[in-house]
Amino acid sequence: MSTAEAPHCGYVAIVGAPNAGKSTLLNQLVGSKVSIVSSKVQTTRARITAIAMEGQTQIVFVDTPGIFKPKRRLDKAMVAAAWSGIDEADAVLLLVDAQKGVDGEVQGIVEALQQRRRKGVLLALNKIDAVPREKLLGLTKTLNEAFPFEQVFMISATTGDGIGDVRRELAKRMPAGPWLYPEDQLADVPMRFLAAEITREQIYRALHDELPYSITVETENWKDQKDGAARIEQVIFVERDGQKKIVIGEGGQMIKRIGAYARQEMEKQFERRVHLFLFVKVRKDWGEDPERYQAMGLEFPRG
């Protein structure tokens with residue numbers, strides 16, 4: 001193998017404020033759905049590792065929870081996971097919602113980057129299709145004055161505009177070395193976890209603002225059946241009886257709807273038939289239970 005064909009492999013952390021479009025961007029970069037996408041903010045809780053190939057270069061993406069000012073213990077764990085991804089990465093891509101511009105959250109991230117990391121940080125302005133050119137130029141100028149970004153991209157994570165340019169530039173920055181994963185692998189996410197994320201996304205889609213973030217989903221049992229189908233049993237944990245009633249719905253209609261959409265998405269992602277069984281349990285203050293954090297791939301913050 002010649003030097004030009006030598007394999008390269010490295011890590012890229014995608015960071016940004018909640019709802020900047022990180023999960024949508026990750027799914028576009030990889031070409032498959034690997035991270036929960038919802039209109040609700042803070043939907044990415046654990047760092048999702050996804051893999052993209054660009055020529056002989058393997059890019060391992062770490063999709064971090066949106067960085068925000070933590071209030072609850074769960075918030076602290078999510079933000080700690082985000083910064084851990086930044087510290088370990090070969091390159092960092094800061095995603096900014098061009099419609100929102102530089103708000104307090106973006107400003108806080110930029111200031112933290114100044115303290116923690118100065119090299120290998122790229123900027124992507126997202127949702128450019130909804131913003132006038134003059135505003136984009138002004139926003140770029142403001143951000144470049146605040147931090148020495150090595151390159152700026154104008155993209156739309158929803159339509160895919162500019163995504164190829166981002167992937168090619170990131171590939172150039174990956175160090176020489178063997179691939180960490182098989183070429184056709186899309187994500188280093190256990191199937192049980194991905195199944196739980198799919199159901200959690202459907203809960204957010206169905207219930208919109210009726211439920212706070214005090215809800216999580218765990219895959220308790222996964223059985224591969226002889227006919228090739230998967231039998232999946234999941235528990236939806238809520239903190240109050242009132243939340244349980246909302247999830248179940250009148251006559252069980254809501255949980256049936258959530259289950260139907262989640263099953264369809266799982267069958268699409270796993271390329272097999274799925275028999276999905278959902279249960280709702282009340283676990284008061286589950287956000288203070290270390291076991292729930294372990295299930296989400298987060299470290300439990302002490303104190």
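Residues numbered from 1 in each chain as written. Predicted model: local features only at pLDDT ≥ 70, side-chain atom pairs only at ≥ 80, totals over all residues. Heavy atoms only, no water.

Concerning the packing of aromatic side chains
Stage number 1. For the structure on display, the rule yields 1 aromatic pair.
Stage number 2. Between Phe 147 and Phe 149 the ring centres are 4.9 Å apart and the planes differ by 55°, which places this aromatic pair in the tilted class.
Stage number 3. Above the face of the Phe 277 ring, Arg 231 is positioned so that its terminal group lies 4.0 Å from the ring centre. (Phe/Tyr/Trp six-rings, centres within 6.5 Å; stacked < 30°, edge-to-face > 60°. Lys NZ or Arg CZ within 6 Å of the ring centre and 35° of its normal.)

Some remarks on the side chain of Ser 156
Stage number 1. Along the chain, the position of Ser 156 falls in the loop between strand 6 (152–154) and helix 5 (163–172).
Stage number 2. For Ser 156, a relative accessible area of 2% corresponds to the buried category.
Stage number 3. Setting aside anything within four residues of it in sequence, one finds Ser 156 in contact with Asn 126, Lys 127, Ile 128, Asp 129, Asp 161 and Ile 163. (Helix = DSSP H or I, 4+ residues; strand = E, 2+ residues; numbered from the N terminus. Buried < 20%, exposed > 50% of the residue type's maximum accessible area, 1.4 Å probe, protein only. Contact = heavy atoms within 4.5 Å.)

A few points about the confidence of the model for the chain
Low-pLDDT portions of the prediction should not be read for the details of their coordinates.
Stage number 1. Taken as a whole, the chain shows an average pLDDT of 80; of its residues, 74% reach a score of 70 or greater.
Stage number 2. The lowest-confidence element of the chain is helix 9 (residues 290–295), averaging 59 in pLDDT; the highest-confidence one is strand 6, averaging 96.
Stage number 3. Low pLDDT, under 50, characterises residues 36–46; the stretch is placed with 57 contacts to residues that sit more than four places away or in other chains. (pLDDT = per-residue confidence, 0-100.)

Observations regarding the nonpolar core
Stage number 1. Ranked by size, the top nonpolar core spans 26 residues in total, and within it Ile 232, Ile 236, Val 247, Met 266 and Phe 270 carry the most contacts.
Stage number 2. Residues Val 12, Ile 14, Leu 25 and Leu 26 belong to the second largest nonpolar core, which totals 24 residues. (Core = buried A, V, L, I, M, F, W, Y, C linked by side-chain atoms within 4.5 Å.)

Let's talk about the environment of Glu 111
Stage number 1. The residue Glu 111 is located in helix 3 (residues 104–116) in this model.
Stage number 2. Sequence separation of Glu 111 and Phe 147 is 36 residues, and the distance between their C-alpha atoms is 8.3 Å.

Regarding the pattern of salt bridges
Stage number 1. The final tally for this structure, using the stated rule, is 13 salt bridges.
Stage number 2. The partner of Lys 141 in a salt bridge is Glu 145, and the shortest N-O contact between them spans 2.7 Å. One end of the pair is Lys 141 and the other is Glu 145, both in helix 4 (residues 133–146) and 4 residues apart, which spans about a single turn. Residue Lys 141 shares its accessibility class with Glu 145, and that shared class is exposed.
Stage number 3. With a shortest N-O distance of 3.4 Å, Glu 267 and Arg 263 are connected by a salt bridge. Separated by 4 residues within a single helix, Glu 267 and Arg 263 lie in helix 8 (residues 253–270), roughly one turn from each other.
Stage number 4. A relative accessible area of 24% means that Glu 267 is categorised as partly exposed.
Stage number 5. Of the residues examined, Arg 263 reaches a relative accessible area of 30% and is grouped as partly exposed. (Salt bridge = Lys/Arg side-chain N within 4 Å of Asp/Glu carboxyl O.)

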